[in-house]
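The residues making up each chain are set out below.
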Amino acid sequence: MPPAASTPPAPRPGAPRPAALLLALALSLAGPGLQAAGPGPGSPGVPGVAGVPPPGLLRQAARAALHFLNFRAGSPSGLRVLAAVLRGRAATMRNPPALCFSVPLVISLGGSSVVGIFHQISSQNHVDARRTCRVDLEFTAERYGPEADGRLGRCSARVVFRRQQPRPAVNVTCARFMETSRRRREDLLLYKRAKRLRAPPGATSMPDSHGWIDPSLRPMWDLAFLGSSYVMWERTTQTLHYYMAQLSSVNQWKTNEDAIDFDYTVLLHEFSTQEIIPCRIHLVWYPGKPLKVKYHCQELHTAQEGSGTEGG
Amino acid sequence: MIQISEKYAGVATQHFLGMTYETRPMYYLKISQPSDNPKKIIWMDCGIHAREWIAPAFCQWFVKEILQNYKDNPRIGRFLRNLDFYVLPVLNIDGYIYTWTTDRLWRKSRSSHNNGTCFGTDLNRNFNVSWCSIGASKNCQDITFCGSGPVSEPETKAVSSFVESKKESIVCFLTMHSYGQLILTPYGYTKNKSSNHEELIQVGQKAANALKKKHGTNYRVGSSADILYATSGSSRDWARDIGIPFSYTFELRDNGTYGFILPAAQIQATCEETMEAVLSVLDDVYERYWNSDSAGKVTPATVVLGLLVSLVSIF
């Protein structure tokens, strides 16, 4: 198996295709007994299979895939978030593939039900961050934001985490939850509203302390999330994952040219360490064009500074 | 809290627990119907992490629900025959105030370290259970700083001395957090399971099901080490290890969309569904100890938002 390319391959966000189903080929799941249904809500377990990836690893992969998809799609009206993981498997890139999570040698069964045993086994497998890990998975996603109507779209993805290095390689396809033409219309509407927006003065907190986002400022929030998706994709690893907690300042909001030029600072919340990481992001967005984004995150005293740039 | 103990005098009384680092008094509310029989205790604390605002909101909602309904609602009424509720609405008062005045995303306490160059201990890493062994930091600049030693913080000391002194009577220890939509059982400091793990999972899962029935919100149930991350020095693990059988951490809404800064518009729904989960746990705990056959019909609680508003204004 050839090593993963350093630049992640472009995803296929399923835009022009009418079908609601995923590509079956990447997920024929014909692997050497590593296939299993993940213990997601309502899904049956596969008893006695020690190679079931820990559910946390599958969720990590799903998040990385969606951040990447959101960034590549470059559509602030088409942002998606994870609903639920359906199934997945994980293996190293070697030939033959090995597990990229450690499995306990002794498993106590204790007379629990079959599903109970499954749950106990899979939850005891923990992520081995020293190995490169290729995760193939299926999951559902829903629309981000107050317009979310509960409709789920199915996604399939292959995500390669490289030994806690940034920029997991992502190949992802999602069924559309919105007609392409409608998404383009909504992006255009957002663009027009953004052009008319005057940036709020000084350091602003969006949302405010009580979770309130002024509906007129929503385009700013959605664009901030779009830019943050790039940062969050780059930084997601087997064990680290992020949410955008707050837009803490707007440094520049330029709308006089064609594109929206937005320089801002967000506070990202990293869940496993619970840390808040301020990141300064500068993006340039025009509907239908790839997003241009640069960023620089303030690091904790223990880690190095992190920055990145895409598009130019 | 004074207003509540006045309005519900005889049932709700305010008690001093200790002082915070910034010398603010910590009070818990004891809800107890006077009777001759010995009571078991349900402990609930909220707001050990300053930024998790939905948690103190829930503690207030819980108190309101119990006090407004214990007379007319048989399900709640029977709890008070044999149980006392001890509720600490804001454990980390200094941090909580700091999130209102200065930094909305602050988590720790406001104790001073390293000659005043660094502030705050993660109170939920400061309890005396496998202290600072994993998932915590000895560096004050970190957000999971475990303190200068186990129970080094006055807030932790206040809670643990009190809970320790009542541990023979406490059957249930609930600590409310956000976010993540999880019901967590011990342990965080090890992947080993408590002796009653199966039962805790069963009870937790039933609670999650009851929660979901209310507004469709999905919660996951599992041990902290399995479904969240490794932690040491947590109040829940400590409570379990001193012998309190039912010890849970609740991580309330949401799933990351707003995170800690949950919109005010979601407070009521979150409190309603969480109430169903807690009542479900209480049902199971009650069944276990008093094997009640009179499964009282659950009447829908009437919502009096005015009381909630006045509760909020107390803090």
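Residues numbered from 1 in each chain as written. Chains lettered and ligands numbered in written order. Predicted model: local features only at pLDDT ≥ 70, side-chain atom pairs only at ≥ 80, totals over all residues. Heavy atoms only, no water.

1. Side note on the overall build of chain A
To keep things clear, this is the line we draw: Labels follow the DSSP assignment, with helices taken as runs of H or I lasting at least four residues and strands as runs of E lasting at least two, numbered in each case from the N terminus. Surface accessibility follows the Shrake-Rupley procedure with a 1.4 Å probe radius. Residue values consider only the protein chains on display as shielding.
The secondary structure content of chain A amounts to 4 helices and 11 strands. For chain A, the accessible surface area stands at approximately 14,000 Å², while carbon and sulfur atoms represent 56% of it.

2. Some words on the overall build of chain B
Selection rule: Here the globule rule is a power law, 2.2 Å times the number of residues to the power 0.38, and the radius of gyration is based on C-alpha atoms. When a residue's accessible area, from a 1.4 Å probe over protein chains only, is under 20% of the maximum for its type it is buried; when over 50% it is exposed; and in between it is partly exposed. Should any heavy atoms of two residues lie within 4.5 Å, those residues are considered in contact. Charged residues are defined here as Lys and Arg on the positive side and Asp and Glu on the negative side; His and the ends of the chain fall outside this count. Throughout, a charge is located at the NZ atom of Lys, the CZ atom of Arg, the CG atom of Asp or the CD atom of Glu.
Helix and strand counts for chain B come out as 10 helices and 10 strands. For chain B, the C-alpha radius of gyration of 18 Å lies close to 20 Å, the compact-globule estimate for 315 residues. Overall, chain B is about 55 × 40 × 40 Å in size when its C-alpha atoms are taken along their principal axes. For chain B, the residues scored as buried account for 62% of the 315 residues in total. For chain B, the proportion of contacts with a sequence separation of at least 24, taken over those separated by at least 6, is 75%. Summed over its atoms, the accessible surface of chain B is roughly 11,700 Å², and 51% of this surface lies on carbon and sulfur atoms. Treating the 32 positive side-chain charges of chain B as one cloud and the 30 negative ones as another, the clouds have centres 2 Å apart.

3. What to know about the UniProt feature "domain: Peptidase M14" (unreviewed entry) in chain B
To keep things clear, this is the line we draw: UniProt positions are given in the numbering used here, feature names are shortened, and annotations may be inferred rather than shown by experiment.
Feature annotation in UniProt assigns "domain: Peptidase M14" (unreviewed entry) to the following positions: residues 1–285 of chain B. In this annotation, residues 1–285 of chain B is assigned 35% helix and 20% strand; the end-to-end C-alpha distance for the span is 27 Å.

4. Quick notes on the packing of helix H3 (residues 180–196) of chain A against helix H4 (residues 218–235) of chain A
Residues and elements named next belong to chain A. Short version of the rule: Note on geometry: axes are lines fitted to C-alpha atoms, helical ones only across the stretch in contact, with angles between N-to-C directions running from 0 to 180 degrees. Here roughly perpendicular refers to angles of 65 to 115 degrees, roughly parallel to angles under 35, roughly antiparallel to angles over 145, and oblique to all remaining angles. If you view the pair so one helix is near and one far, a crossing is left-handed when the near helix is turned anticlockwise from the far one by less than a right angle, and right-handed when it is turned clockwise. As a working rule, the residues Ala, Val, Leu, Ile, Met, Phe, Trp, Tyr, Cys and Pro are called nonpolar, Asp, Glu, Lys and Arg charged, and the rest polar, with Gly in that last group.
Contact pair H3 / H4: the axes reach a minimum separation of 9 Å and the direction vectors enclose 115 degrees. By the angle between their directions, the pair H3 and H4 is classed as roughly perpendicular. As for the relative orientation of H3 and H4, their crossing is left-handed in sense. On H4, the residues touching Leu190, Arg193 and Ala194 of H3 are Arg218, Pro219, Asp222 and Leu223. Its residues assigned to classes, the contact of H3 with H4 shows 4 nonpolar, no polar and 3 charged.

5. A few points about the interface of chain B and chain A
We count it as follows: Summed over both partners, buried area is the accessible surface (1.4 Å probe) that two parts give up on being assembled. Any Lys or Arg side-chain nitrogen located within 4 Å of an Asp or Glu carboxyl oxygen qualifies as a salt bridge. Polar contact criterion, stated in full: a pair of N or O atoms within 3.5 Å, where within protein one must be able to donate a hydrogen and the other to accept it, and residues adjacent in sequence count only if both atoms are side-chain atoms.
Each side of the interface is counted separately: chain B has 27 residues, and chain A has 25 residues. Surface buried jointly by chain B and chain A totals about 2,300 Å² across both partners, of which 54% is contributed by carbon and sulfur atoms. On the surface where chain B and chain A come into contact, there are 0 salt bridges. Our enumeration of links across chain B and chain A arrives at 7 residue pairs in polar contact (both at pLDDT 80 or more). Counted by class, the side of chain B that touches chain A contains 13 nonpolar, 6 polar and 8 charged residues.

6. Brief notes about the state of the cysteines
Residue and element names in this part refer to chain B. Put simply, the rule reads: Disulfides are defined as pairs of cysteine sulfur atoms found within 2.5 Å of each other.
Overall, the coordinates contain 5 disulfides over all chains when judged by the stated rule. Note on cysteine connectivity: cysteine 118 is disulfide-linked to cysteine 140, with sulfurs 2.0 Å apart. Here the disulfide of cysteine 118 and cysteine 140 is left-handed, its torsion about the S-S bond being about -105 degrees. Of this pair, cysteine 118 sits in strand E6 (residues 118–119) while cysteine 140 sits in the loop between E6 and helix H5 (154–165); the two residues are 22 residues apart in sequence, bridging distant segments of the chain. Across chain B, the disulfide pattern expressed with sequentially numbered bonded cysteines is 1-2, 3-5, 4-6. You can see cysteine 172 has no disulfide; the closest cysteine sulfur is in cysteine 59, sitting 13 Å from it.

7. A closer look at the sheet that holds strand E4 (residues 83–88) of chain B
Residues and elements named next belong to chain B. Condition: Here, a strand pair is defined by DSSP locating no fewer than two bridges between the strands.
Pairing is mixed across the open sheet formed by 8 strands, whose spatial order is E1-E2-E4-E3-E7-E10-E8-E9. Edge positions in the open sheet fall to strand E1 (12–19) and strand E9 (220–223), since each of these has one partner strand only. Across this sheet, the average inter-strand angle for adjacent strands is 20 degrees, counted without regard to direction. Of the pairings in the sheet, the one linking strand E3 (residues 40–46) to E4 comprises 6 bridges and is parallel in character. Pairing of aspartate 45 across the sheet is with leucine 88, part of E4.

8. Comments concerning the UniProt feature "active site" (unreviewed entry) in chain B
All names here are of chain B. Those residues carrying the UniProt feature "active site" (unreviewed entry) are Glu251 in this numbering. Tracing the chain through its elements places glutamate 251 in strand E10 (residues 246–252). Its relative accessible area of 8% is what places glutamate 251 among the buried residues. If sequence neighbours within four positions are ignored, glutamate 251 has contacts with His177, Ser178, Tyr179, Gly180, Gln181, Leu182, Leu184, Tyr219 and Leu228. Within the local environment of glutamate 251, its side chain forms a polar contact with the backbone nitrogen of serine 178, the two atoms lying 3.4 Å apart.

9. Some words on helix H3 (residues 74–82) of chain B
Residue and element names in this part refer to chain B. When you tally the buried positions in H3, you get 7 out of 9 residues, the bulk of the element. Three or more residues of H3 are buried, namely Arg75, Ile76, Gly77, Arg78, Phe79, Leu80 and Asn82. Looking at the packing, one finds that the buried side of H3 touches strand E2 (25–31), E3, helix H2 (54–69), E4 and helix H9 (267–290). At the N-terminal end of H3, a side-chain oxygen is found 2.9 Å from the backbone nitrogen of arginine 75, two or three residues along, and the residue is asparagine 73.

10. A short note on the nonpolar core
For soluble globular proteins, the rule of thumb is that nonpolar side chains tend to be buried together. To keep it simple, the criterion reads: Grouping buried Ala, Val, Leu, Ile, Met, Phe, Trp, Tyr and Cys residues that are joined through side-chain atoms within 4.5 Å yields what is termed a nonpolar core.
Val135, Phe139, Leu247, Trp253, Phe262 and Trp285 of chain A are the most contacted members of the largest nonpolar core, which totals 64 residues. For leucine 247 of chain A, the residues in contact, after removing those within four places along its chain, are Thr204, Ser205, Met206, Met220, Trp221, Ala224, Phe262, Tyr264, Thr265 and Val266 of chain A. Ranked by size, the runner-up nonpolar core spans 53 residues in total, among them Phe79, Leu80, Ala208 and Tyr219 of chain B.

11. A few points about the side chain of threonine 156 of chain B
With respect to the secondary-structure elements, threonine 156 of chain B resides in helix H5. Each residue touching threonine 156 of chain B, except ones within four places of it in the same chain, is listed here: Leu123, Asn126, Phe127 and Val151 of chain B.

12. Re the packing of aromatic side chains
Rules: Each pair of aromatic rings taken from Phe, Tyr and Trp, with Trp reduced to its six-membered ring, is defined by centres within 6.5 Å and is described as stacked if the planes are under 30 degrees apart, edge-to-face if over 60, and tilted in the remaining cases. Lysine NZ or arginine CZ positioned within 6 Å of the ring centre and within 35 degrees of the ring normal marks a charge as sitting over the ring.
Under the criterion given, the structure shown has 33 aromatic pairs over all chains. Ring plane angle 70 degrees and centroid distance 5.3 Å describe the contact between tyrosine 191 of chain A and tyrosine 286 of chain A, whose orientation is recorded as edge-to-face. A residue pair is termed long-range when its members are at least 10 positions apart, and tyrosine 191 of chain A in helix H3 and tyrosine 286 of chain A in the loop between strand E9 (276–285) and strand E10 (292–297) qualify at 95 residues. For tyrosine 191 of chain A, a relative accessible area of 10% puts it in the buried group. For tyrosine 286 of chain A, a relative accessible area of 31% corresponds to the partly exposed category. An aromatic cluster is defined as three or more aromatic residues linked by ring pairs; in this entry it consists of Phe68, Phe71, Tyr230, Trp233 and Tyr295 of chain A. The ring of tryptophan 53 of chain B carries the charged tip of arginine 104 of chain B above its face, separated from the ring centre by 3.7 Å. The ring of tryptophan 106 of chain B has arginine 110 of chain B sitting right over it, with the charged end atom 4.7 Å from the ring centre.

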